Amino acid sequence: MLMTACDLGAVTRPWKISKQVAELVTSEFFEQGDRERSELKLTPAAIFDRNRKDELPALQLEWIDGICKPLYQALLKLNRKLQPMLDGIEANRERWQELCLSRERTRRATVSSLFPEPGQNIEPSDDVKTSENLERPEKDRPV
């Protein structure tokens, strides 16, 4: 357990360091996923799939909740002096959660702008060809 805790120690560090390590590890994972896709013709798991890099905050939350936090909680039972490490995990988890929520809000805003709610009156831009414009003769179309 201690070897694993040492290996995963970056998740306990201050945000700047923890995030940088997560991005470096993810970069290595993407290289492996690229090889799986090109050489083995496989679809890589999400954490290895460069095409899903925007999911990193959610993947980090899964990693923290499923692996890191339980490990350090178990170690804390052995030695209460490890509490600062668990506190670091919690602080970093909050930051990943903020990024995840921000990404979700951005995604929802994009989707709602592409697919407005029924009854919303959206005016087409001038470069959008509407059925009204297509039915008019070329000389009568707005410019």
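Refer to the structure presented above.
Note that this is a predicted model, so its numbers are computed, not measured.

Procedures and definitions
Residues numbered from 1 in each chain as written. Predicted model: local features only at pLDDT ≥ 70, side-chain atom pairs only at ≥ 80, totals over all residues. Heavy atoms only, no water. Axes fitted to C-alpha atoms, helices over the stretch in contact; angles between N-to-C directions. Helix = DSSP H or I, 4+ residues; strand = E, 2+ residues; numbered from the N terminus. Left-handed = near helix turned anticlockwise from the far one by under 90°. Contact = heavy atoms within 4.5 Å. Phe/Tyr/Trp six-rings, centres within 6.5 Å; stacked < 30°, edge-to-face > 60°. Buried < 20%, exposed > 50% of the residue type's maximum accessible area, 1.4 Å probe, protein only. 1 Å grid on protein atoms, 1.4 Å probe; cavity = no way out; pocket = protein on both sides within 12 Å on 5 of 7 lines; lining within 4 Å. Points joined across faces, edges and corners; volume = space filled by probe spheres on them. Nonpolar A, V, L, I, M, F, W, Y, C, P; charged D, E, K, R; others polar.

Peer 1: What am I meant to see in the packing of helix 2 (residues 15–39) against helix 4 (residues 83–114) here?
Peer 2: When two helices pack together, their arrangement is captured by the angle between the axes and the distance separating the axes. Look at helix 2 against helix 4: their axes get within 10 Å of each other, and the N-to-C directions meet at 65°. Judged by the sense of rotation from one axis to the other, the crossing of helix 2 with helix 4 is right-handed. Facing W15, S18, K19 and A22 of helix 2, the residues of helix 4 in contact are N92, R95, W96 and L99.

Peer 1: What am I meant to see in the packing of aromatic side chains here?
Peer 2: Aromatic ring pairs are described here by two measures, namely the spacing of the ring centres and the angle between the planes. Tallied over the entire structure, the rule returns two aromatic pairs. With 5.0 Å between their ring centres and 70° between their planes, W15 and W96 make a pair best called edge-to-face. A residue pair is termed long-range when its members are at least 10 positions apart, and W15 in helix 2 and W96 in helix 4 qualify at 81 residues. For W15, a relative accessible area of 16% translates into the label buried. Taken together, a centroid distance of 4.7 Å and an interplanar angle of 40° make the contact between F29 and F48 tilted. You can see F29 sitting in helix 2 and its partner F48 sitting in the loop between helix 2 and helix 3 (56–78), a full 19 residues away along the chain. On the basis of relative accessible area, F48 is assigned to the buried category, the value being 18%.

Peer 1: I tried to follow the layout of surface pockets on my own but got confused; where do I start?
Peer 2: Here the largest pocket defines a volume of roughly 330 Å³. Every residue along the wall of the largest pocket is listed here: D7, L8, A10, V11, S18, V21, A22, V25, F29, I47, Q60 and W63. Elements supplying a minimum of two residues to the lining of the largest pocket: helix 2 and helix 3. In terms of residue count, helix 2 provides more of the lining of the largest pocket than any other element does, five residues in total. When grouped by side-chain class, the residues that make up the lining of the largest pocket number nine nonpolar, two polar and one charged.

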